[in-house]
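Chain by chain, the residues run as shown.
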Amino acid sequence: GRMKPVIVVHGGAGRIFKEREEGCRAGVVRAALQGYSVLKRGGCAIDAVEEAVRSMEDDPHFNAGCGSVLNEKGEVEMDAIIMDGKNLDSGAVSAVKCIANPIKLARLVMEKTKHMLLTDHGAHLFAQAMGVPAIPGEKLITERSRERWKKNLEPDSNPEEFQKDLGTVGAVAIDSEGNVACATSTGGLSNKLIGRVGDTACIGSGGYADNHSGATSTTGHGESIMKVVLARLIHYHMEQGMSPEVAADTALDYMKTRVGGLGGVIVVNKAGEWAARFSTKQMSWATVKDDNLHYGIYAGEEHVKSVDEALASEREGF
């Protein structure tokens, strides 16, 4: 039967500074509306999540694509994953530099290779072979990322303090055919070691999609997420009959008590029920279902607008 399409996006869990709140809200709303317009035209879930994530990669408010944080050497290294719930196909890239949209490259890995994850130099060669334009690394670096990198280099600094402001981006969707998909993209941890790869590029940690259960994208402390394989853990709970919300809360709670890790998740199940849950102070998120847009940043905060109203204010600029 025909499903009502749903898209949910997140712009990262952590601490969102006051002066960035509006930009983060506007960014997740824009991404959700763009992904939803793909679904509304009868497009598939995998196209919708790629489109939503691309929109946030291009938005300097988020730690993905342009606006990514810098590693210890002051460079941008990015990770991304995409997964199709129909046949469990997935593509991912890790530690990639000098491309605008890692999510597009992850999609190409999924569709044009027999592999699931390409890294660093190999991913770079593959991008060249696919005609993905290289851009100068500086183009991805914002003033803010450079400032923070410098601050973290000071002898008495505590990069962990800054790493609470994480900004990984992600999207999950179900289309009118009942297919689900997820996509996640990030610049990783500020001042991370060269070659550090977090949860985002790892299937089952940074995201998971299976038509039999649903789709999940995660954000938060990557090493903690990997320890509990957070996205797949949520799916396990849904397979046991939990709603997306209860499954998400149960898994986040386990990650917190077991390994002291904080994070956030977005989930849609095969029935089109969705959740956006987090154990951090904040997570920017937005969802569209039944032509209604819901969005928020703080726990318990949920604004609702009709899609038409949201698109009108989009056109006027937030």
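Here the structure is a predicted model, which is why all the values come from computation and not from measurement. (Residues numbered from 1 in each chain as written. Predicted model: local features only at pLDDT ≥ 70, side-chain atom pairs only at ≥ 80, totals over all residues. Heavy atoms only, no water.)

> Honestly, the overall build of the protein chain in this entry has me stumped. Any pointers?
In terms of regular secondary structure, the protein chain is built from 10 helices and 13 strands. Computed over the C-alpha atoms, the radius of gyration of the protein chain is 18 Å, within 12% of the 20 Å expected from 2.2 N^0.38 for a compact globule of 318 residues. For the protein chain, the C-alpha atoms occupy an extent of roughly 55 × 45 × 45 Å along the three principal directions. Scored against the burial criterion, the 318 residues of the protein chain give a buried share of 58%. Long-range contacts, defined as pairs at least 24 residues apart, comprise 65% of the intrachain contacts of the protein chain with a sequence gap of at least 6. When the accessible area of the protein chain is evaluated, it comes to approximately 13100 Å², of which 52% is carbon and sulfur surface. Counting 36 positive and 43 negative side-chain charges, the protein chain places the averaged centre of each group 1 Å from the other. (Helix = DSSP H or I, 4+ residues; strand = E, 2+ residues; numbered from the N terminus. Rg over C-alpha atoms; globule rule 2.2 N^0.38 Å. Buried < 20%, exposed > 50% of the residue type's maximum accessible area, 1.4 Å probe, protein only. Contact = heavy atoms within 4.5 Å. Areas by Shrake-Rupley, 256 points an atom, 1.4 Å probe, with all protein chains shown as cover. Lys, Arg positive; Asp, Glu negative; His and termini not counted. Charge placed at Lys NZ, Arg CZ, Asp CG, Glu CD.)

> Would you mind going over the pairing of strand β5 (residues 169–174) with me for this structure?
For a regular strand, the rule is simple: side chains alternate between the two faces of the sheet. Counting buried positions over the six residues of β5 gives six, a clear majority of the element. Here strand β1 (residues 6–14) pairs with β5 via five bridges, running antiparallel. The residue bridging V6 from the neighbouring strand is I174, located in β5. Pairing of β5 with strand β6 (residues 180–186), which is carried by six bridges, proceeds in the antiparallel orientation. Bridging from a neighbouring strand, A171 pairs with A183 of β6. The turn joining β5 and β6, which pair antiparallel and follow one another in sequence, is formed by five residues; a positive phi near 85° is taken by G178. (Pairing = 2+ DSSP bridges.)

> Would you take a moment to explain the packing of aromatic side chains for this structure?
Geometrically, a pair of aromatic rings is defined through the distance of the ring centres and the angle of the planes. This model, assessed by the stated rule, comprises one aromatic pair. Considering the side-chain rings of W274 and W285, the 5.6 Å spacing of their centres and the 40° angle between planes classify their relative orientation as tilted. In this pair, W274 is assigned in strand β10 (residues 274–278) and W285 in strand β11 (residues 282–289), connecting sequence segments 11 residues apart. Overall, W274 belongs to the partly exposed group, its relative accessible area being 21%. (Phe/Tyr/Trp six-rings, centres within 6.5 Å; stacked < 30°, edge-to-face > 60°.)

> Can you walk me through helix α4 (residues 120–129) in this structure?
An α-helical turn contains 3.6 residues, so any two residues separated by three or four positions project in the same direction. Residues of α4 that are buried: A123, F126 and A127. Considered in projection along α4, the buried side chains sweep an arc of 105° and stay on one side of the axis. Facing away from the buried side of α4 by more than 90 degrees, the exposed set consists of H121 and A129. Where α4 is buried, its residues contact β3 (89–96), α3 (102–112) and β4 (117–119). Note on α4: the residue one or two positions beyond its end, G131, has a positive phi of about 75°. (Arc of directions from axis to C-beta.)

> Before we go on, may I ask you to explain the sheet that holds β10 in this structure?
Adjacent strands of a sheet pair through backbone hydrogen bonds, lying either parallel or antiparallel. The antiparallel open sheet is built from four strands, whose spatial order is β7-β8-β9-β10. What marks the edges here is a single partner per strand, and that holds for β7 (207–210) and β10. This sheet shows a mean twist of 5° between the axes of neighbouring strands, independent of strand direction. Contacts from helix α8 (residues 230–239) reach β7, β8 (214–220) and β9 (263–269) within the one sheet, and its direction differs from that of β8 by about 140°. (Axes fitted to C-alpha atoms, helices over the stretch in contact; angles between N-to-C directions.)

> Help me understand the UniProt feature "binding site: substrate" (unreviewed entry) in the protein chain, please; the structure alone is not making it clear to me.
The UniProt record annotates "binding site: substrate" (unreviewed entry) at R196, V197, G198, D199, T219, G220, H221 and G222. Of the residues named above, R196, G198, D199, G220 and G222 line the second largest cavity. By the secondary structure assignment, G198 is in the loop between β6 and β7. Taking relative accessible area as the criterion, G198 reaches 1% and is therefore assigned buried. Not counting residues within four places of it along the chain, the set of residues in contact with G198 comprises D79 and M226. Within the secondary structure layout, T219 lies in strand β8. (UniProt positions renumbered as here; feature names shortened; annotations may be inferred. 1 Å grid on protein atoms, 1.4 Å probe; cavity = no way out; pocket = protein on both sides within 12 Å on 5 of 7 lines; lining within 4 Å.)

> Just to check I follow, could you spell out empty space enclosed by the protein for this structure?
A water-sized probe rolled over the atoms picks out the places where empty space is left. Following the criterion strictly, the structure yields three cavities of 30 Å³ or more and no others. Empty space within the second largest cavity amounts to approximately 80 Å³. Partitioning the lining of the second largest cavity into residue classes produces two nonpolar, seven polar and three charged. (Points joined across faces, edges and corners; volume = space filled by probe spheres on them. Nonpolar A, V, L, I, M, F, W, Y, C, P; charged D, E, K, R; others polar.)

> I'm lost on the sheet that holds strand β12 (residues 292–298) in this one. Help?
Strands sit in the order β4-β3-β2-β6-β5-β1-β11-β12-β13 across an open sheet of nine strands; the sheet is mixed. Each edge of the sheet is formed by a strand with only one pairing partner; in this case those strands are β4 and β13 (303–306). On average, each strand axis in the sheet is tilted by 10° relative to the strand beside it, whichever way the strands run. Its contacts with the sheet put helix α2 (residues 45–57) on β1, β2 (78–84), β5 and β6, and the angle it makes with β5 is roughly 160°.

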